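Descriptive analysis of the structure
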Amino acid sequence: MRNRFANRKRFSGRKVLNYTYSPKPKLPKRLDFASRVYSTIPFDLYSISNVLTCRNRDENFIKQANILEECVSNRLAQIEPEKEVADQLTIMVPLVISSFDVLGTKNNDPFVEIEEIKVVGSFKMETMIKTKISADVVIVLGKLPTFETVNDIKNNILMYFKKQDEKYNDMTVDDFDGGLIITFETSIVYIYVSTIPNNYIDLVPEKQVSSLMVSKSLMAIEHCRWFEEYSGHEMTKKIIKIMKDFQNRFTVFQKMNVWFIHQLCHHVVYNAIINDDEADVYTVYLKIFQLLACAVMLPGSPIIYDPVTPSNQILKCNKLSFNDQ
């Protein structure tokens, strides 16, 4: 519809000027609930430490801290993997890596050119709990990771272990989307077959491992390297185990992925150390649940970002509801 105010003339001194009238833009009638309620980003507990001060360490505080520390220690003893199972897994992983070394020199096959072999996951980070006892190994190939290559790796592993000892005759190696699963008695080793990033554009889902599995495998390597360099504190590992136990037992904590748990625990322990606070179990445990109560997992949180890829949030906003917060 033509605007009736368009091209209207007005008198301004000696000249008659033409101008076009632009109506005021209409605003949406209803805004999104999150944009109306959470117009500002959630705050960080440590940036307002003067407002949210910690309790004085009186006798009652020390008594509660000792009780909680005893409970956490007892729970850690319950969720720790059995020593025999952990020792057997410790023996299996070097043997798997040795089988890859033989594979890389077999007939100089260009399709089995190995660029890197890296142990990742909770086994490498020493955050493994009783409910999931397994090790993760990523093998990065210089060529495309075809299904034929994965099958060659499978056959080579079986032959290598049978030569080591007769007890490995009962070992099984199964395929899955992106790699292999080695099972022997109580030990489980996941092998993720990946390739260098330059081969992304040449991946064909019908012939090679999917690009999604390749990117996840490479990201697992970066996460493990970051954890080894920046987050190797013993208190961080203890709290990660406790939070993983919560994730297995409570439905609400299942919304959090493992890498988010790592960053949350690292953030609390690291800030407790640099702020000259006592990084004991009670203080760290209390700070974590204070952050969770402050809606740290909502979109726009200023602290929980992936340090490997800072442009991405570790926890996607569409996985959480306001009731979960």
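So, here's what we can say about the structure. (Residues numbered from 1 in each chain as written. Predicted model: local features only at pLDDT ≥ 70, side-chain atom pairs only at ≥ 80, totals over all residues. Heavy atoms only, no water.)

**Details of the overall build of the protein chain**
Counting its secondary structure elements, the protein chain contains nine helices and seven strands. Of all 325 residues assigned to the protein chain, the portion counted as buried reaches 40%. Restricting the contact set of the protein chain to residue pairs at least 6 apart, pairs at least 24 apart contribute 67%. For the protein chain, the accessible area works out to roughly 19,800 Å², and carbon and sulfur atoms hold 52% of it. (Helix = DSSP H or I, 4+ residues; strand = E, 2+ residues; numbered from the N terminus. Buried < 20%, exposed > 50% of the residue type's maximum accessible area, 1.4 Å probe, protein only. Contact = heavy atoms within 4.5 Å. Areas by Shrake-Rupley, 256 points an atom, 1.4 Å probe, with all protein chains shown as cover.)

**Observations regarding the sheet that holds strand S6 (residues 179–184)**
Spatially, the five strands line up as an open sheet ordered S3-S4-S7-S6-S5, and their pairing is mixed. Where the open sheet ends on each side, the last strands, each with one partner, are strand S3 (114–120) and strand S5 (172–176). Each adjacent strand pair in this sheet contributes to an overall mean axis angle of 20 degrees, direction not counted. As paired strands, S3 and strand S4 (residues 135–141) are joined by six bridges and run antiparallel to one another. The partner of Val-120 across the bridge, within S4, is Asp-136. Contacts from helix H5 (residues 147–164) reach S4, S5, S6 and strand S7 (187–195), with the element oriented near 20 degrees to S6. Seen against the sheet, helix H6 (residues 211–230) touches S3, S4, S5 and S7 and runs at an angle of roughly 60 degrees to S3. (Pairing = 2+ DSSP bridges. Axes fitted to C-alpha atoms, helices over the stretch in contact; angles between N-to-C directions.)

**Some thoughts on the nonpolar core**
Membership of the largest hydrophobic core comes to 72 residues, with the highest contact counts inside it found for Ile-157, Phe-161, Ile-182, Ile-191, Met-243, Ile-288 and Leu-292. Leave out the neighbours within four places in its chain, and Phe-161 touches Met-92, Leu-95, Val-96, Tyr-168 and Met-171. (Core = buried A, V, L, I, M, F, W, Y, C linked by side-chain atoms within 4.5 Å.)

**Some details on the pairing of S5**
Pairing between S5 and S6: five bridges, direction antiparallel. Looking across to S6, one finds that Val-173 is bridged to Ile-182. Remark: two residues form the turn of the hairpin made by S5 and S6, two consecutive strands paired antiparallel; Gly-178 in that turn has positive phi of roughly 115 degrees.

**Regarding unusual backbone geometry**
Phi is positive for Glu-126, which is not a glycine, with a value near 60 degrees. Given a relative accessible area of 48%, Glu-126 falls into the partly exposed group. Its identity is not glycine, yet Glu-185 carries a phi of approximately 55 degrees, on the positive side. Mapped onto the elements, Glu-185 comes out in the loop between S6 and S7. Its relative accessible area of 61% is what places Glu-185 among the exposed residues.

**Some remarks on the environment of Tyr-230**
Along the chain, Tyr-230 falls in helix H6. Considered as a pair, Tyr-230 and Tyr-270 are 40 residues apart in the sequence and their alpha carbons are 9.5 Å apart. Polar side-chain contacts of Tyr-230 include one of 3.5 Å to the side chain of Glu-229. (Polar contact = N/O pair within 3.5 Å; in protein donor to acceptor, adjacent residues only side chain to side chain.)

**Observations regarding the packing of aromatic side chains**
A ring pair, where both rings are aromatic, is described by two values, the distance of the centres and the angle of the planes. This model, assessed by the stated rule, comprises 15 aromatic pairs. Taking 5.8 Å as the distance between ring centres and 80 degrees as the angle between the ring planes, the aromatic pair formed by Trp-226 and Trp-259 counts as edge-to-face. Taken together, the positions of Trp-226 in helix H6 and Trp-259 in helix H8 (residues 258–274) put the pair 33 residues apart, joining distant regions of the chain. Taking the relative accessible area as the measure of exposure, Trp-226 reaches 13% and is therefore buried. Members of the aromatic cluster, connected to one another through ring pairs, are Phe-246, Phe-250, Phe-253, Tyr-285 and Phe-289. (Phe/Tyr/Trp six-rings, centres within 6.5 Å; stacked < 30°, edge-to-face > 60°.)

**Things to note about the side chain of Ser-99**
Its location among the elements puts Ser-99 in helix H3 (residues 83–104). In this structure Ser-99 comes out as buried when scored by relative accessible area, which is 0%. Other than its neighbours up to four places away in sequence, Ser-99 contacts Asn-156, Ile-157 and Tyr-160.

**Describing a nonpolar patch on the surface**
Residues Tyr-270, Ile-273 and Ile-274 make up a contiguous nonpolar surface patch of roughly 290 Å² in combined accessible area. As for its placement among the helices and strands, Ile-273 is situated in helix H8. A relative accessible area of 40% means that Ile-273 is categorised as partly exposed. (Patch = residues over 30% accessible without salt bridge, like charges linked within 9 Å, V, L, I, M, F, W, Y side chains within 5 Å. Salt bridge = Lys/Arg side-chain N within 4 Å of Asp/Glu carboxyl O.)

**As for H6**
Compared with the 28 Å implied by 1.5 Å per residue over 20 residues, the 28 Å span of H6 between its first and last C-alpha is a close match. Those residues of H6 lying buried are Met-213, Val-214, Ser-217, Leu-218, Ile-221, His-223, Cys-224, Trp-226 and Phe-227. (Expected span 1.5 Å × (residues − 1).)

**Focus: the environment of Val-268**
Relative to the helices and strands, Val-268 resides in helix H8. Distance in space between the C-alpha atoms of Val-268 and Leu-286 is 9.7 Å, their sequence separation being 18 residues.

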